[in-house]
Amino acid sequence: MENTDTIIDDIPLCLHRNYRFRLYPTKEQATLLQSHFFASNQAWNTALGNKIEELNTQSAVLKHERKYSKFNDVYATTVEALKSRKLKFNSGVVQDELRKLDATFQRYYSRKSTGYGFPKFAKSSKTEQSFIIRNQSASWDESHFKVFRQEIKWRQHRAIPAGAKFTGGIIKRTSDGKYWVVLNLTLRHEFPANSSTLECGIDLNVENVSISDSLGNTDLIPLPNFSKSKYSKRYVRLQQQLSRRYKKKNFSKNTKRLQRQANKVQRKIKNCKDDFFHKLSTEIVQHNYGRITLEDLEIKRMKESDSTRLNRLISDVSWDSLIQKIKYKAAMQNVIVREIHPAYTSQRCNPCGYISDANRKTQSVFHCVSCNHTANADCNASLNILEYDEWSLEQKALISSWKISKSLSVSEDPSIGSPGIHAG
Ligand SMILES: [Zn+2]
């Protein structure tokens with residue numbers, strides 16, 4: 001029992017990390033977990049349905065007279081609704097699910113303008129399911145993870161550091177039917193002092209990652225084409241077979257077997273990517289940078305949403321996973337990670353600062369129409385990201401007025417502003 005008796009609150013230097021372990025529930029335990037996937041989905045859906053109804057009624061009321069229910073009321077109504085349906089659930093799980101919905105709504109309201117979508121209803125038919133667990137309902141020893149008074153067998157493939165404090169986590173079932181627990185742990189960590197003045201800017205692309213550092217080096221690291229791996233080919237074949245079967249409404253045992261196979265292969269593809277991104281992020285962080293600058297991925301994705309093909313490729317590369325790994329590895333080494341707005345990073349000429357869509361004649365070649373500077377387009381972009389502080393005030397103003405629609409109209413209007421914007 002390592003999670004409750006060690007107090008590390010008084011240690012100012014701690015680190016939050018996720019540890020994931022495979023669970024091996026018995027049949028009865030699996031049923032119990034499944035009932036909690038269902039209950040937390042139902043809690044989410046009930047509260048979301050009520051919220052939508054409330055938004056509709058309140059929209060008819062004058063703005064300053066609008067009243068919205070408080071969290072405690074939402075919780076009480078939801079619990080009542082679940083009980084009336086004779087569902088069995090742990091109240092902590094439902095509470096946490098509603099907190100998650102609350103946070104999702106807050107995120108929706110603050111990021112609506114960038115295209116963040118309205119919360120969706122949860123589907124219990126999805127093969128991937130999860131629910132949140134918290135401090136009070138979980139503990140463990142070497143061989144078992146205890147939750148809801150059940151001791152579920154688990155495999156601790158890596159030791160949980162002594163003194164780790166459990167602050168919450170999730171239990172999930174992945175698409176291949178396996179059960180996992182993800183523990184959010186607070187660990188003691190001696191952060192090394194970092195006085196490095198070396199910086200780098202990273203441009204993430206579909207085919208490569210370009211890294212420029214403040215010593216003048218730029219590295220282009222090619223990304224493996226995951227969609228051409230043997231697993232991906234197998235996955236595509238299985239998906240084709242499945243879609244034919246589903247079209248014919250064939251839900252036989254064989255179809256289910258194929259679906260399980262497809263899920264398993266998909267998992268394998270994800271593991272390959274994870275492995276690659278672990279190696280790449282470790283390599284990046286080992287450079288002893290003081291600061292790493294990246295583009296804000298959420299906005300970057302929006303910027304390129306006009307091309308579904310590119311989007312598909314982007315999701316294939318899974319930058320989220322890479323960025324997340326860079327961030328936590330950087331944090332452990334006391335490296336600052338800065339995220340900047342991605343507008344015009346690929347259209348700005350690094351030496352002279354001229355911004356124009358015409359600077360990008362092709363995907364890979366940058367040629368400045370103002371000063372004739374020629375470079376690899378990705379290397380030019382990572383230099384712009386690295387030297388973001390040197391962008392002119394005028395250019396920063398341009399970024400702040402940047403909208404998704406604007407980036408779409410860029411292709412019609414070859415230069416942004418006339419006769420183009422210069423640095424300084
Ligand atoms: Zn130029």
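It should be emphasised that the depicted structure is a prediction, and the values quoted were computed from it without experimental measurement.

Core analysis: the largest hydrophobic core is formed by 28 residues, its most contacted members being Leu23, Ala43, Ala47, Val94, Leu98, Phe145 and Val181. Sorting the residues of this core by element identifies helix H1 (27-58), helix H3 (91-111), strand S2 (129-133), strand S4 (144-147), strand S5 (150-155), strand S6 (165-173) and strand S7 (179-188) as the ones contributing at least two each. Broken down by element, the residue count for this core peaks at 7 residues, all from H1.

Before going further, it helps to examine helix H8 (residues 319-332). The first and last C-alpha atoms of H8 sit 20 Å apart over 14 residues, in line with the 20 Å expected at 1.5 Å per residue. All of the buried residues along H8 are Leu322, Ile323 and Ile326. Summarising the axial view, the buried residues of H8 lie within an arc of 95 degrees, below the 170-degree limit, and thus occupy one face. Of the residues one or two after H8, Asn334 is the one with positive phi, at around 65 degrees.

Quick look at the sheet that holds strand S9 (residues 208-213) now. Reading across the sheet, the 5 strands line up as S10-S9-S8-S11-S12 and stay open at both edges, with mixed pairing between neighbours. This sheet does not close on itself; its edge strands, each paired only once, are strand S10 (218-222) and strand S12 (336-340). Strand-to-strand twist of the sheet, defined as the mean angle between neighbouring strand axes without regard to direction, takes the value 20 degrees. As defined by bridge partners, strand S8 (residues 199-204) adjoins S9 across 5 bridges and the pair is classed as antiparallel. Considered in S9, the bridge of Gly201 is made with Ser212. Helix H9 (residues 377-386) contacts S8, S9, S10, strand S11 (291-295) and S12 of the sheet and is inclined by roughly 135 degrees relative to S8.

On to the environment of Pro119. Within the secondary structure, Pro119 is located in the loop between H3 and S2. Remark: the alpha-carbon pair of Pro119 and Arg107, spanning 12 residues in sequence, is separated by 9.7 Å.

Right, let's get into the packing of helix H4 (residues 230-247) against helix H5 (residues 253-285). Between H4 and H5, the shortest axis-to-axis distance is 9 Å and the interhelical angle comes to 150 degrees. Looking at the two axes, H4 sits roughly antiparallel to H5. Between H4 and H5 lies a crossing of left-handed hand. Only Thr255, Leu258, Gln259, Gln261, Ala262, Val265, Gln266, Lys268, Ile269 and Cys272 of H5 make contact with H4, whose side of the interface consists of Tyr231, Ser232, Arg234, Tyr235, Leu238, Gln239, Gln241, Leu242 and Arg245. Across the contact of H4 with H5, the residue classes tally to 9 nonpolar, 7 polar and 3 charged.

This part is about the packing of H5 against H8. At a minimum axis separation of 9 Å, H5 and H8 run at an interaxial angle of 40 degrees. On the basis of the axis angle, H5 is oblique to H8. As for how H5 packs across H8, the hand of that crossing is right-handed. Contacts from Lys273, Asp274, Phe277, His278, Leu280, Ser281, Thr282, Ile284 and Val285 of H5 reach H8 at Ser321, Leu322, Lys325, Ile326, Lys329 and Ala330.

This next bit is on the pairing of S10. By the bridge criterion, 5 bridges tie S9 to S10 in an arrangement that is antiparallel. Across the sheet, the residue bridging to Ser212 is Thr218, located in S10.

Below, the discussion takes up the sheet that holds strand S1 (residues 14-24). The strand order S2-S6-S7-S1-S5-S4-S3 describes an open sheet built from 7 strands, whose pairing is antiparallel. This sheet does not close on itself; its edge strands, each paired only once, are S2 and strand S3 (138-140). Going from strand to strand, the sheet's axes swing by 30 degrees on average, the running direction of each strand aside.

Put simply, the protein has an average pLDDT of 85, and 87% of its residues get 70 or more. Of the regions scoring below 50 in pLDDT, residues 1-12 engages in 18 contacts with residues more than four places distant in sequence or in other chains. Below a pLDDT of 50 lies the segment residues 405-424, which in the model reaches 33 contacts outside its immediate sequence neighbourhood of four places, other chains included.

Reading guide: rules and limits
Here the residue index of a chain counts from 1 through its sequence in written order. In keeping with the predicted nature of the model, local features appear solely for residues at pLDDT of at least 70, side-chain atom pairs appear and are counted solely at 80 or more, and the whole-chain, interface and lining totals rest on all residues. Among buried residues, those of type Ala, Val, Leu, Ile, Met, Phe, Trp, Tyr and Cys that are joined through C-beta atoms within 7 Å form a set called a nonpolar core. Each residue is classified by how many other C-beta atoms fall within 10 Å of its C-beta atom, where C-beta atoms are placed from the backbone; a count of 20 or more means buried, 12 or fewer means exposed, and values in between mean partly exposed. Each helix is a run of H or I in the DSSP string that is no shorter than four residues. Each strand is a run of E no shorter than two, and both are numbered from the N terminus. Under the convention used throughout, the expected extent of a helix is 1.5 Å for every residue step, that is, one less than its residue count. The arc under discussion is defined with respect to the helix axis, by the directions toward the C-beta atoms. At least two bridges found by DSSP between two strands is the condition for calling them paired. Comment: axis = line fitted to C-alpha atoms, over the contacting stretch for helices; angle = value between 0 and 180 degrees taken between N-to-C directions. This entry defines residue contacts through backbone-placed C-beta atoms, with two residues in contact when those atoms are within 7 Å. Every angle not falling under 35 degrees, over 145, or within 65 to 115 is termed oblique; those three ranges are roughly parallel, roughly antiparallel and roughly perpendicular. For a crossing to be left-handed, the near helix must be turned anticlockwise from the far one by less than a right angle; the clockwise case is right-handed. Amino acids outside the nonpolar list (Ala, Val, Leu, Ile, Met, Phe, Trp, Tyr, Cys, Pro) and the charged list (Asp, Glu, Lys, Arg) are all regarded as polar, and Gly is one of them. pLDDT measures how confident the predictor is about each residue, on a scale from 0 to 100.

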